[in-house]
Amino acid sequence: MNESHSFSIKDDLDGDTLHEECGVFGILGHPDAATLTALGLHALQHRGQEAAGIVTFDGKQFHTEKHMGLVGDHYTNPAVLAKLPGSISIGHTRYSTTGEVALRNVQPLFAELEVGGIAIAHNGNFTNGLTLRRQIIATGAICQSTSDTEVVLHLIARSRHASTTDRFIDAIRQMEGGYAMVALTRTKLIAARDPIGIRPLVMGELDGKPIFCSETCALDIIGAKYIRDVENGEVIICEIQPDGSIAIDARKPANPQPESLCLFEYVYFARPDSVVGGRSIYVARKNMGINLAKEAPVDADVVVPVPDGGTPAALGYAQQSGIPFEYGIIRNHYVGRTFIEPTQQIRAFGVKLKHSANRAMIAGKRVVLVDDSIVRGTTSLKIVQMIRDAGAKEVHIRVASPKIFYPDFYGIDTPDADKLLANQYADTEAMAKYIGADSLEFLSIDGLYRAVGGEDRNSARPQFTDHYFTGDYPTRLLDKNGETAGLKLSVMASNG
């Protein structure tokens, strides 16, 4: 393919960041179910910008709306919401890590089964999804998507149990990896979380009606009350009774494991105003900056965040170091998701479309640039050059998380290991030279653990999922290490 036709500014801007797979939302028994779901997904937009879908049930039939693009591009339209009647609704906003970008992969996925219709949406990734898919197809099943969520539908359909609830539990007990899942039937809203709680899921309430969503910020946007986190390994079944009341049944695993939340929820993914695992994301990120200033001080004139992710950590760094905090980089929040086919000259403007140097705060100064993470380093390189072009005397980068050495298999879209900056250079000094910074330092793993959980990492049993930093994967990786490691999914053009 000709290079000029395969490039978009989005690729250039976002190729050096980590992407979370999805956000989920579900509500039972509310007359404004679809509208509230759309608002909840809007609050979870940061977890996925490729596509969004909503499924409702109106007492007689299921209704589905799926669209590529942002939630606000489609679900603010009254005509779209009018196609989603009913008091039960689940929704999903997507960034794909498995399956190609196509409308057929947009969740929630729906199937009509012997026990009735069911729709499923999940955030995360199954590490045995390909293995199970191969087994299912070998017995004659037909898969309509390349999403690993479809495997769950097949397992539910094949289960020998009588009730939808028992079939659902039977199915997810066969899945491995990290997931937060919501499902909808004619009378039920079901929520489930993986056995060690890698991906977050919370329970809320609005007007006495239960809600499940990926983050508390989705409760805040609709004025709902936070009830509690869904526990790791737990399945919660909410069902409308014949008299209109709602019964809630919580099923917990027979052999519960310690929770091990993904550390990157705290570093990068969750919104700063969310509370994950009982901990404020904003406070955790500010603590990261405080610990970074203790571990990696530097003589400088100004602390500048790389927006928006680095802002809370930069505030913490400035507070601890006594160096003034300034917005030395201004972010343009209105960058289009794609762009015209640009020339090489226009392509060089890529980072400036998203970030601009605030020359008045930078010229002639020794600058500490605080970022939340460095993946490939290509964006850091361009930002350092931009700061130097604005007249900075020195540029020191401080990163509020450890070096990333290993890929993820639980729902984070990470480059291959050899594409990660930490694996391309022998030491931090060589990385700094590549980026063009006067110095570069990363927060230690213990510094990160103290910022989030208040204590050093327990190497014998880590309190959080942290394999991207340490290589300590919390589950087996059947698809990667097993016989399906080389299995490829076929790709078909779609109207997505």
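Right above here is the structure, for reference.
The rules behind these values
Residues numbered from 1 in each chain as written. Predicted model: local features only at pLDDT ≥ 70, side-chain atom pairs only at ≥ 80, totals over all residues. Heavy atoms only, no water. Helix = DSSP H or I, 4+ residues; strand = E, 2+ residues; numbered from the N terminus. Buried < 20%, exposed > 50% of the residue type's maximum accessible area, 1.4 Å probe, protein only. Contact = heavy atoms within 4.5 Å. Areas by Shrake-Rupley, 256 points an atom, 1.4 Å probe, with all protein chains shown as cover. Pairing = 2+ DSSP bridges. Axes fitted to C-alpha atoms, helices over the stretch in contact; angles between N-to-C directions. Salt bridge = Lys/Arg side-chain N within 4 Å of Asp/Glu carboxyl O. Polar contact = N/O pair within 3.5 Å; in protein donor to acceptor, adjacent residues only side chain to side chain. Core = buried A, V, L, I, M, F, W, Y, C linked by side-chain atoms within 4.5 Å. Parallel < 35°, antiparallel > 145°, perpendicular 65-115°, else oblique. Left-handed = near helix turned anticlockwise from the far one by under 90°. Nonpolar A, V, L, I, M, F, W, Y, C, P; charged D, E, K, R; others polar. Phe/Tyr/Trp six-rings, centres within 6.5 Å; stacked < 30°, edge-to-face > 60°.

Brief notes about the overall build of the protein chain
Within the protein chain, the secondary structure is distributed over 20 helices and 23 strands. For the protein chain, with 496 residues in total, the buried portion stands at 54%. Within the protein chain, contacts between residues separated by at least 24 positions form 69% of all contacts whose residues are at least 6 apart in sequence. Summed over its atoms, the accessible surface of the protein chain is roughly 20,100 Å², and 50% of this surface lies on carbon and sulfur atoms.

Comments concerning unusual backbone geometry
The omega torsion of the bond from Q107 to P108 falls at 0°, within 30 degrees of zero and hence cis. Note on placement: P108 falls in the loop between β5 (88-94) and β6 (109-113). Residues P307 and D308 are joined by a peptide bond in cis, for which omega reads -5°. Note on placement: D308 falls in the loop between β17 (302-305) and α12 (311-321). Residues other than glycine seldom take positive phi values, yet D207 does so here, at roughly 55°. With respect to the helices and strands, D207 occurs in the loop between β10 (202-206) and β11 (209-213).

Description of the sheet that holds strand β21 (residues 394-399)
On the basis of which strands lie adjacent, the open sheet formed by four strands has the order β17-β20-β21-β23 and parallel pairing. Either end of the sheet is taken by a strand with one partner, and the two such strands are β17 and β23 (439-442). Ignoring strand direction, the axes of neighbouring strands in this sheet form an average angle of 20°. Taken strand by strand, helix α17 (residues 428-435) contacts β21 and β23, and its axis lies near 125° from that of β23.

As for helix α6 (residues 129-138)
Those residues of α6 not exposed but buried are G129, T131, L132, R133 and I136. Residues of α6 that are buried sit in contact with β7 (116-126), α7 (149-158) and α20 (478-481). Two residues or fewer past α6, G140 is found with a positive phi of approximately 105°.

Some words on the sheet that holds β5
The seven strands lie next to each other as β4-β3-β5-β2-β11-β10-β12, forming an open sheet whose pairing is antiparallel. Across the chains shown, the open sheet's two edge strands, defined by having one partner strand only, are β4 (62-68) and β12 (225-229). Going from strand to strand, the sheet's axes swing by 15° on average, the running direction of each strand aside. The strands that helix α3 (residues 33-43) touches are β2 (22-28), β3 (51-57), β5 and β10; relative to β5, the one it contacts most, it runs at about 25°.

Side note on the pattern of salt bridges
Scanning the model with the defined rule gives 20 salt bridges in all. One salt bridge connects D308 with R331, and the closest N-O pair in it is separated by 2.9 Å. Here D308, found in the loop between β17 and α12, pairs with R331, found in strand β18 (residues 329-331); they are 23 residues apart in sequence, far enough to count as distant. Here D438 ties to R388 by a salt bridge, and the two come within 2.8 Å at their closest N and O atoms. Of this pair, D438 sits in the loop between α17 and β23 while R388 sits in helix α16 (residues 378-389), and the two are 50 residues apart along the sequence. R388 gets classed as partly exposed once you look at its relative accessible area, which sits at 27%. One network of salt bridges, in which partners are shared, links R47, R199, E215 and E265.

Some remarks on the pairing of β17
Side chains V302 and V304 of β17 all project onto a buried face; the interleaved residues V303 and P305 project onto the opposite face, where all are buried too. Bridge analysis of β17 against strand β20 (residues 366-371) gives four bridges, and the strand direction is parallel. Along β20, the bridge assignment pairs V302 with V367.

Thoughts on the side chain of H67
Mapped onto the secondary structure, H67 falls in strand β4. Within the local environment of H67, its side chain forms a polar contact with the side chain of E65, the two groups lying 2.8 Å apart.

As for the nonpolar core
L263, F264, Y266 and M288 are the most contacted members of the largest nonpolar core, which totals 42 residues. Breaking this core down by element, the ones donating at least two residues are α10 (263-269), α11 (281-295), α12, β20, α18 (445-453) and α19 (467-470). Ignoring any residue separated from it by four or fewer positions in sequence, one finds L263 in contact with L448, Y449, V452, F464, T465, D466, Y468 and F469. One finds L109, F126, L132 and M181 within the second-largest nonpolar core, a separate group that totals 26 residues.

Points about the packing of α11 against α12
One way to put it is that α11 packs onto α12 with a least axis distance of 6 Å and a crossing angle of 45°. Here α11 is positioned oblique relative to α12, judged by the angle of their axes. The hand of the α11/α12 crossing is right-handed. Within the contact between the two elements, α11 uses Y282, R285, K286, G289, I290, L292, A293 and K294 and α12 uses P312, A313, L315, G316, Y317, Q319, Q320 and S321. For the contact of α11 with α12, the residue count by class is eight nonpolar, five polar and three charged.

What to know about the environment of K225
Tracing the chain through its elements places K225 in strand β12. Accessibility expressed as a relative area gives 53% for K225, which makes it exposed. The spatial distance from the C-alpha of K225 to the C-alpha of E205 is 5.2 Å, given a sequence separation of 20 residues. Those residues within four positions of K225 in sequence are excluded, and the remaining contacts are M203, G204, E205 and L219.

Section: helix α8 (residues 164-172)
Burial analysis of α8 places seven of its nine residues in the buried class, which makes it a mostly covered element. Restricting attention to buried positions, one finds in α8 the residues T164, T165, R167, F168, I169, A171 and I172. Tucked into the core, α8 has its buried residues touching β7, α7, β8 (177-184), β9 (188-193), β13 (235-240) and β14 (246-251).

Thoughts on the packing of aromatic side chains
Counted under the stated rule, the structure contains 14 aromatic pairs. When the ring of F264 is compared with that of F269, the centres are 5.8 Å apart and the planes differ by 45°; the resulting orientation is tilted. Both residues of the pair, F264 and F269, belong to the buried class. Between F325 and Y327 the ring centres are 5.1 Å apart and the planes differ by 85°, which places this aromatic pair in the edge-to-face class. Y327 sits in the partly exposed class, given a relative accessible area of 44%.

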